[in-house]
Amino acid sequence: KKVFNSNIVSRYANEENGILGQECIEKQEFHLNTSSYYFEFLKLDEDKKAEKGELARIVITDLYNYALPMIRYDTGDLAIVGDATCDIKVNAVIKEIFGRKVDLIYNTEGEALSPHAITNNMWNTQNIKQFKFTQISKDEYVILLNVEKNFDKEQEKEIKEKFIKILGNNAKIKIEYTDEIPVLASGKRRYIENLYKWRLKNNYNFGVVK
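The paragraphs below set out a description of the structure included in this document. Bear in mind the structure is a predicted one, so any value in this text is a computation, not a measurement. (Residues numbered from 1 in each chain as written. Predicted model: local features only at pLDDT ≥ 70, side-chain atom pairs only at ≥ 80, totals over all residues. Heavy atoms only, no water.)

Between its first and last C-alpha atoms helix 2 (residues 153-167) spans 21 Å; for 15 residues at 1.5 Å apiece the expected length is 21 Å, and the two agree. All of the buried residues along helix 2 are Gln-155, Glu-156, Ile-159, Phe-163 and Leu-167. The buried residues of helix 2 occupy an angular sector of 105° when projected down its axis, which confines them to one face. Residues Lys-153 and Lys-165 are exposed on helix 2 and point more than 90 degrees away from its buried face. (Helix = DSSP H or I, 4+ residues; strand = E, 2+ residues; numbered from the N terminus. Expected span 1.5 Å × (residues − 1). Buried < 20%, exposed > 50% of the residue type's maximum accessible area, 1.4 Å probe, protein only. Arc of directions from axis to C-beta.)

Shown next, in the form of structure tokens:
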């Protein structure tokens, strides 16, 4: 912002549709591109409207895609929607954007956790180059670490203790080590992964909402 003497904003978009929203200059919330898309925010486990302030699935109907109409397309993204707090007159805004539902982690009681609950626990841990957190089953989790030479067993113990607090006392946490966590074809690293839900034959499916 200082170098370019201009406001810096984030945009929310996907490859299938395009630019879906843009961050407000005044507030930390995303204004939706309702001129080009019809938005629905549905509950995580059923096709009913989510309440404001509730973690919800983002479902899009593309109004101007004449080559491949996308009607009630479940993007797989999650967000919290609410009322606008800035002076611009808009019906609704996205308060916070989360990762895809397949990357949500569940505690041992089956309650969904925000991906931020995982990353926040790793931020203050020293001597870690890369990490990947994977849920294997209802109560089994694996943390893959690429660490510096001076990473020690005491730090490993601290990591386990941190995650037990948010996952549950009966959580089985295994820590493994690697020299490099490879990137995906997109060039990004998937640092949170839920194989448990995948093994349950995709309790949630991307695609069209009926």
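Assignment of secondary structure puts Phe-163 in helix 2. What makes Phe-163 buried here is its relative accessible area of 0%. Along the primary structure Phe-163 and Asn-107 are separated by 56 residues, whereas in three dimensions their C-alpha atoms are 9.7 Å apart.

What follows covers the pairing of strand 1 (residues 11-14). The two faces of strand 1 differ: Tyr-12 and Asn-14 on one face are buried, but Arg-11 and Ala-13 on the other face are not. As defined by bridge partners, strand 1 adjoins strand 2 (residues 18-23) across 4 bridges and the pair is classed as antiparallel. Bridge assignment links Tyr-12 to a residue of strand 2, and that residue is Gly-21. Once strand 1 ends, the chain turns through 3 residues before running back antiparallel as strand 2. (Pairing = 2+ DSSP bridges.)

None of this, on its own, says anything about what the molecule does.
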